[in-house]
Amino acid sequence: MPEEFVGQVLGAVDQVVGLLNIDEVFRLLNMPSNRKQADYGTALVLGVATVAVAAVVGGIVYFYDGRRAPWNRRKKHHPLTKPQWLESFDSNDGRLKDGGEKVLYKARKGGIDISIRAEVWPFLLGLYDLKSNAGERQATDSISSAEFEDLRRQCEVLKAIISSELNKSNLEKDDSGSFEKVSEEDLLESIWEDGDGETSTSEPSTKIEDNLETTKDGDLSENNVSSEPQKNPKVDEILAKGPKALEDFKDWMRIIRLDAVRMNAEWVPYSAVQANVSEEEASRRASEVGIQDDDHLEASRRHHAARLVAVLEAYALYDSDTGYCQGMSDLLSPFVALMESDSQAFWCFVEFMKVAKANFRMDETGIRRQLRLVGQIIKCTDPQLHEHLVKIQADDCYFVYRMVVVLLRRELSFEQTVCLWEVIWADWAALRLEAAAAAAGGSRSLRDALKKLPASKDLLLFAVSAAVLQKRKFIIEKCQGLDEILRECNAMAGKLDIWQLMDDGRHLLRIYNQKVGHEKAD
Amino acid sequence: MRQGPAFKLVLLGDGRVGKTSMVLRYVNNVFSDKQTATIQASYLTKRVDVDGNIVTLAIWDTAGQERFHALGPIYYRDADAAVLVYDIMDKDSFARVKGWVKELRKMANKNIVLTIAGNKSDMDRHRTVDLQDSVRYAESIGAHHFLTSAKLNAGIEEVFLDVAKRVLELRKDGSQDGISSGGHRKSLVVIDDQPNLPPPSKCCS
C-alpha cells in the first residue's frame, strides 16, 4: 500500500508544516508573535527537518506517481476512495463501522472521489444518520421520495390556483387589489368552473376535487393511501399567508425558470448518464415543468434545467419563508448533476439549505454575520490589511459578498466547488458528531482528529479570508475603495487553488482559535 | 494610469433582461445567450474618448433580483448615471424600470443621468412593450431612450457614449453639488408598483 504509506507520511509532514506556517504568517505579516525566541529556534530545526523529509517524500511520490513535480506534492490531497468507502461499512447491517469518524476525517482532509460523491453526500449533509443501518436508510429514502412527490403535486395545485387567479383578474381589471380576500375554496371553485384547460395536467384537478370535499376535515395525518382524498398543507400555508405570498410564489416560479435555462454546463463531463439524455426525454421533462424558452439549449442542458425547476419549485413551496432567490440554483445544480433522483437531490439540497438559507434572507442578517466574521478573521490574522480596509471604508467586507452567498461557486470550477463544499459539509458532520459524542461523555479519537485538523461550521469564511489574504499586497498598495477590491475579488475567478485555500483557511482557523482563545482567557 | 475623470455608472433592471450581456458586449465585445445570472454585482471599467476627452466609465453590473436589494445603495451611492434596462418582450421588466426610477429619485444622487434601454431589439417581432410608450415615459422623466441588442451589437456603444457625454456636460456646467444624497444604507424601501397586468403566462402553462 504505497499510497497509504505516502499519505501517512504526508499527513505528518503537513502537521509540521502547519505549525511552521503559523509563524511564517506572522513573519510575513511583520507582526510580533506570542512565541518566544526559543520557539523560533525549534521552528528552524523543525523547518530544516521538514524540508529534508519533504524532499525524501517528494522523491518517493515522484517515483510513485511520476506525473507531478515533487514540490507540488504537499498540496496533493487524497480523496476518500471507493474501496475505502465500501470497506468502512459493516457487512452485516450496513452501518458505518466507527460511526463514520474515519470517513469524515478522510473527506475533511482530501475530499471524495467522484465515483462515490452521490453516495457519501447524504451522510455528510445529515440526510442519513451516520449511525444508521441499511434498512433505516432505505426507509428514509422511500418516505422522503413520497414526500417529494407530494410536494411536486402540491406545486401543480398551487400553479393551477395562480393561473386561474390570473384569468380572473384579467376579467375584472377594474378590481384594484386582485388578490384581496381570496379564499382557497373560491379559487378552487373557479378552477373547477374554468375546467382544467391548459393550466396543468389533468391529475391535479382531480385532486382539487378531492380537496374540496375534504378541506374541512381537520384531520391532517399523512400517510394516506393514494386512493384517499389528498390534502395540500403547503398550499394552504401559502394561501393562509395572504395575497402577497401568492404573488411571491408566482414571481419565484418566473425567476426559477429564467435562471434554470441559463445555468452553466460545466457539470456535463461529470455525469455521463445525464449528458447523454435523449432529446425526447429532455423535451418531456421541460414540458412537464413548463419551460418554454429553452430551444437554444442542448438536450442535456434542457433536461438539467427542467430538473432544476422541479426541485427549486418544490423547495420554494417546502420552505416558503425562503422561497427562491438567485444563487440558489447555483447551490442546487451539483446535486442535480450528480444524482439521478430528483427526490434525493431535493432532500440533500434541503439539508444544505438548513445552513445556507441564512445567505438568502431578505433582511440580510445571515450574510452580515458572515461578512462580519470575515472582517474579524482578517483583523485577527492580518491587522495591517484590516487597518487599510478600515481606512478605505471597506472593512464591512462587502467585496466578498458573492463568495459567501454562493459559497465560492462563481470563483471556482465545478470540480473545485463540489470538492470545497464536501469538505465544508464534512466539517459540519464532524461537529455534529462531536456534539453528539460530547453529550455521551466525549470521544477521544474524535477529539484527536479535531485537534489535528480543526473544524469549523464557518470553514468557508476562513477559505474566503485566505483568498483575500492572497491579494493583501495588491489591496494595501493599490486599492483605494470597495470598487477596486471587488474587481480584484471578481478577478480571482478561475485562478484559485482549492487546496491552497483549504490549507491556508485551516491555518487561519488555528490562529483565530488561538487568539480568540487567548482573549477569552485574558 | 488613470487619466481624465472617472464616471460611475450603474446598470439596473429585472433579471435576464440582458444587463450583463450589454456590459460584456461593450467592454469585451463578446456575447453568449447562456449568460448565467449575476450574483451581487460585477464591476468593469472602460475608457472612452468623448470628443477628445478621455473618461473612465466605472460600470457596476448588478443582480436583477430584489433579494440583493439591500446592497443597492452601494452601487448607486454617488453614481453619476444609471442605465435602466428592460426586455422589449417583457412588460413586467418595463414596469420594474419605473420602480427603479422611483427608487433612484428617492435614494440616489440628485443629478443622476438616467438612460432607459430596451434590450433584445433583434427580437422585435415578439415585442410586447410599446415603443412609443417607453420613449414617452423616458422623456417624461428626463431620460434618454435607446433600443439595444447585445446579441447583434446594436445600440450598445451609443448608450454608453451618450451617458459619458451627458455626465461630462453636467460636470462642465459646474454643478458639482451632486454627491449630497445617497448613502441611506438602511432605509431602502422596495417600491413594488407592479401593475396588475397579466404577465405573459410563460411560467404557468
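Residues numbered from 1 in each chain as written. Chains lettered and ligands numbered in written order. Predicted model: local features only at pLDDT ≥ 70, side-chain atom pairs only at ≥ 80, totals over all residues. Heavy atoms only, no water.

Caption draft 1: Spotlight on the confidence of the model for chain B. All names here are of chain B. Across chain B, the average pLDDT comes to 83, with 80% of residues at 70 or higher. Considering only residues more than four positions removed or in separate chains, one finds that residues 175-205, a stretch of pLDDT under 50, has 67 contacts. Both confidence scores are given for the complex: pTM 0.78, ipTM 0.78. (pLDDT = per-residue confidence, 0-100. Contact = heavy atoms within 4.5 Å.)

Caption draft 2: Structural detail: the pairing of strand 1 (residues 6-13) of chain B. All names here are of chain B. Extensive coverage of strand 1 is indicated by the burial of seven of its eight residues. In the sheet, strand 1 pairs with strand 3 (residues 53-62) via six bridges, with the strands oriented parallel. Note on strand 3: the bridge partner recorded for Val10 is Trp60. Pairing between strand 1 and strand 4 (residues 81-87): five bridges, direction parallel. Counterpart to Leu11 in the pairing with strand 4 is Val83. (Buried < 20%, exposed > 50% of the residue type's maximum accessible area, 1.4 Å probe, protein only. Helix = DSSP H or I, 4+ residues; strand = E, 2+ residues; numbered from the N terminus. Pairing = 2+ DSSP bridges.)

Caption draft 3: A look at the sheet that holds strand 3 of chain B. Residue and element names in this part refer to chain B. Taken together, the six strands give an open sheet; going across it, the order is 2-3-1-4-5-6, and neighbouring strands pair in mixed fashion. Edge positions in the open sheet fall to strand 2 (41-50) and strand 6 (144-147), since each of these has one partner strand only. When strand polarity is set aside, the average angle formed by the axes of neighbouring strands in this sheet is 25 degrees. Contacts between helix 5 (residues 156-172) and the sheet are confined to strand 1, strand 2, strand 3, strand 4, strand 5 (113-119) and strand 6, with strand 1 contributing the most and set at about 130 degrees to the helix. (Axes fitted to C-alpha atoms, helices over the stretch in contact; angles between N-to-C directions.)

Caption draft 4: Structural context of the pattern of salt bridges. Overall, the coordinates contain 45 salt bridges over all chains when judged by the stated rule. Linked through salt bridges whose partners overlap, the residues forming this network are Glu281, Arg284, Arg285, Glu288, Arg307 and Asp342 of chain A. (Salt bridge = Lys/Arg side-chain N within 4 Å of Asp/Glu carboxyl O.)

Caption draft 5: Up close: a negative patch on the surface. All names here are of chain B. Judged by side-chain charge, Asp49, Asp51, Glu169 and Asp173 come together as a negatively charged surface patch. Positionally, Asp49 belongs in strand 2. With relative accessibility at 48%, the residue Asp49 sits in the partly exposed group. (Patch = residues over 30% accessible without salt bridge, like charges linked within 9 Å, V, L, I, M, F, W, Y side chains within 5 Å. Areas by Shrake-Rupley, 256 points an atom, 1.4 Å probe, with all protein chains shown as cover. Lys, Arg positive; Asp, Glu negative; His and termini not counted. Charge placed at Lys NZ, Arg CZ, Asp CG, Glu CD.)

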